[in-house]
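The lines below spell out each chain.
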Amino acid sequence: MARPTWTGQIRISLVSFGVKLFPATDTTSEIHFHQISRKTGERIHHQNVASEEGEVPDDDIVKGYEYRKGEYVAIEPEEIEHLRIPSRRTLDVAQFVDVDEISPSFFEKPYFVAPENDQQTDAFTVVRKALQTMHKVALGKIAFGGREHLVAIAAPTDDKLAGMMAYTMRYDEELRDPSEYFSDIKKVEVDSDQLSLAKELIKRKAAKFKPEQFKDEYEAALKELVKAKVEKKPIPQEEPAPKSGKVISLMDALRRSVKGDDRSAGTTAKTSSREDASSPKKRGMTLVKPKKSTRARKSA
């Protein structure tokens, strides 16, 4: 079991109980790169060097804040450790909000929350059940990892999971203003027939979320590349993208997609120069026919 990231009290008014937060994620990547010399293949090592004294031992390195150009104030580790931050040991619940009220863009990293010991389980379980039945999350702040985090405490909907979840959250000032990126998007009128077909397409593709079905293909491709180089075999190459086919209307592309027409695979939005782009019924899509893979052509 991983070591807890944070141990402390959750306090709701006069009710408090001890908890431990454990990381809910693992770094699954097995491919780790080092910097090496292209000429010799030797690994490159980095040293801590100061301009006047040369290499600096680890024990002589401390954090420094640049308060004026080229001038720093040194901050010792024990000075940071003894900062007066109540949230270092206690999460005071500031408020409860509806689960659906928080935009997903605020959530950062998940943690498992468990009672600190058996004596804390009664209060822990009561609060967990209350959050679950009321569909609420508790918001508060805790300090760890060199900063104070805004945290949401939530209860899983699955009763088989006896613990709770904590999610570190981004502060509002950390999020960029979406209008800066969305304001230039042209406003168009949605055609009702196209919308109906789009809904039907979504309905046919809808399914229960099964996370085990999704794998990191980039990681798999990296492993294949490394294996080929170690065994001095031909390096796998990405096949060229298929050439664009004829331009069809968005309506036709939606109809063919709903019907399951294979020819609709790989369609990408594209406006035809021969059509009026301002008309919703005339906006085009590029129809691309599926291309046989290199292996398929060779076996044929």
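Quick caveat: nothing in here was measured; it's all calculated off a predicted structure.

Colleague: What exactly am I supposed to notice about the nonpolar core here?
Modeller: Note on soluble globular proteins: their nonpolar side chains tend to be buried together. Counting 20 residues, the largest nonpolar core has Val19, Leu21, Leu91, Val113 and Ile153 as the members making the most contacts within it. The residues contacting Leu91, other than those within four sequence positions of it, are Trp6, Gln9, Ile10, Arg11, Gly140, Lys141, Ile142, Val151 and Ile153. Counting residues in hydrophobic clusters, the runner-up holds nine residues, among them Ile102, Val137, Leu150 and Tyr171.

Colleague: Just to check I follow, could you spell out the packing of helix H4 (residues 192–205) against helix H6 (residues 250–259) for this structure?
Modeller: How two helices pack is summed up by the angle between their axes together with the distance between the axes. Packing of H4 against H6 leaves a shortest axis separation of 9 Å and a crossing angle of 30°. Comparing the axis directions of H4 and H6 gives the class roughly parallel. In this structure, the crossing between H4 and H6 has a hand that is left-handed. Within the contact between the two elements, H4 uses Asp193, Gln194, Leu197, Ala198, Glu200, Leu201 and Arg204 and H6 uses Leu250, Met251, Leu254, Arg255, Ser257 and Val258. Along the lines of polarity and charge, the residues of the contact of H4 with H6 split into seven nonpolar, two polar and four charged.

Colleague: Sorry if this is basic, but what is going on with the sheet that holds strand E12 (residues 164–169) here?
Modeller: Pairing between sheet strands relies on hydrogen bonds along the backbone, with the strands arranged either parallel or antiparallel. Pairing within the open sheet is mixed, and its eight strands lie in the order E7-E1-E2-E9-E12-E11-E10-E8. Unpaired on one side and paired on the other, strand E7 (90–92) and strand E8 (95–98) mark the two borders of the sheet. Between one strand axis and the next, the sheet turns through 40° on average, direction left out of account. Relative to strand E11 (residues 147–154), strand E10 (residues 136–144) is paired through seven bridges, and the arrangement is antiparallel. Pairing of Phe144 across the sheet is with Arg147, part of E11.

Colleague: Would you explain unusual backbone geometry in this entry?
Modeller: Across the chain, the bulk of peptide bonds are trans and the bulk of non-glycine residues have phi less than zero. Positive phi outside glycine occurs at Ser13, with the angle close to 60°. Within the fold, Ser13 resides in the loop between strand E1 (6–12) and strand E2 (15–23).

Colleague: When you look at the packing of aromatic side chains in this model, what are you seeing that I'm missing?
Modeller: Think of a pair of aromatic rings as described by two things: how far the centres are apart, and how the planes are tilted against each other in angle. Enumeration over the complete set of coordinates arrives at four aromatic pairs. Note on Tyr111 and Phe144: the rings are 5.9 Å apart at their centroids and 75° apart in plane angle, and the pair reads as edge-to-face. On the criterion of sequence distance, the pair formed by Tyr111 in strand E9 (residues 107–115) and Phe144 in strand E10 is long-range, its members being 33 residues apart. Comparing Tyr111 with Phe144 shows no difference in burial state: the two are buried.

Colleague: Would you take a moment to explain the pattern of salt bridges for this structure?
Modeller: Two side chains bearing opposite charge may form a pair once their charged atoms approach each other closely. In total, this model carries eleven salt bridges according to the counting rule given. Here Lys141 makes a salt bridge to Glu148, at a shortest N to O gap of 3.4 Å. In this structure, the salt-bridge partner of Glu200 is Lys203, at a minimum N-O distance of 3.9 Å. Of this pair, Glu200 and Lys203 are both found in helix H4, three residues apart, which corresponds to roughly one turn of the helix. Residue class for Glu200 comes out partly exposed when judged on its relative accessible area of 25%. Salt bridges here are not isolated pairs; linked through shared partners, they connect Glu200, Lys203 and Arg204.

Colleague: It is not clear to me how the side chain of Arg88 should be interpreted in this structure. Could you clarify?
Modeller: Counting through the fold element by element, Arg88 comes out in the loop between helix H1 (77–81) and E7. You can call Arg88 buried: its relative accessible area is 18%. One polar contact links the side chain of Arg88 to the main-chain carbonyl oxygen of Ile80, over a distance of 3.2 Å.

Colleague: Even after reading the chapter, I still don't get the side chain of Ser87, so can you show me in this structure?
Modeller: With respect to the secondary-structure elements, Ser87 resides in the loop between H1 and E7. Among the polar contacts listed, one links the side chain of Ser87 to the side chain of Glu148, at a separation of 2.4 Å. The residues contacting Ser87, other than those within four sequence positions of it, are Trp6, Lys141, Ile142, Ala143 and Glu148.

Thresholds applied
Within each chain, residue numbers correspond to sequence positions counted from 1 in written order. Side-chain atom pairs in this predicted model are given and counted only at pLDDT of 80 or more, local residue features only at pLDDT of at least 70, and totals for whole chains, interfaces and linings cover all residues. Computation of side-chain values: all heavy atoms of the structure, hydrogens and water removed. By nonpolar core is meant a set of buried Ala, Val, Leu, Ile, Met, Phe, Trp, Tyr and Cys residues that side-chain atoms within 4.5 Å join together. Each residue is assigned to one of three classes by its accessible area relative to the maximum for its type, calculated with a 1.4 Å probe on protein chains only: buried under 20%, partly exposed between the two thresholds, exposed over 50%. In this analysis, two residues are considered to be in contact whenever any of their non-hydrogen atoms come within 4.5 Å of each other. Axis definition: a line fitted to C-alpha atoms, limited for helices to the stretch in contact. Angles are taken between N-to-C directions and run from 0 to 180 degrees. The helix and strand labels rest on DSSP assignments: H or I over at least four residues marks a helix, E over at least two residues marks a strand, and numbering proceeds from the N terminus. We call two directions roughly parallel when the angle between them is under 35 degrees, roughly antiparallel when it is over 145, roughly perpendicular when it lies between 65 and 115, and oblique otherwise. Should the near helix be turned counterclockwise from the far one by less than a right angle, the crossing is left-handed, whereas a clockwise turn marks it as right-handed. All residues other than Ala, Val, Leu, Ile, Met, Phe, Trp, Tyr, Cys, Pro, Asp, Glu, Lys and Arg, Gly among them, are scored as polar; the first ten of these are nonpolar and the last four charged. Any two strands between which DSSP finds at least two bridges are classified as paired. Aromatic contacts are taken between Phe, Tyr and Trp rings whose centres are within 6.5 Å, Trp giving its six-membered ring; a plane angle under 30 degrees counts as stacked, one over 60 as edge-to-face, and the others as tilted. A carboxyl oxygen of Asp or Glu within 4 Å of a side-chain nitrogen of Lys or Arg is what we treat as a salt bridge. Polar contact is the term for a pair of N or O atoms within 3.5 Å; when the atoms are in protein, one must be able to donate a hydrogen and the other to accept it, and sequence-neighboring residues count only if both atoms are side-chain atoms.

Treat this as a map of the structure, not an account of what it does.
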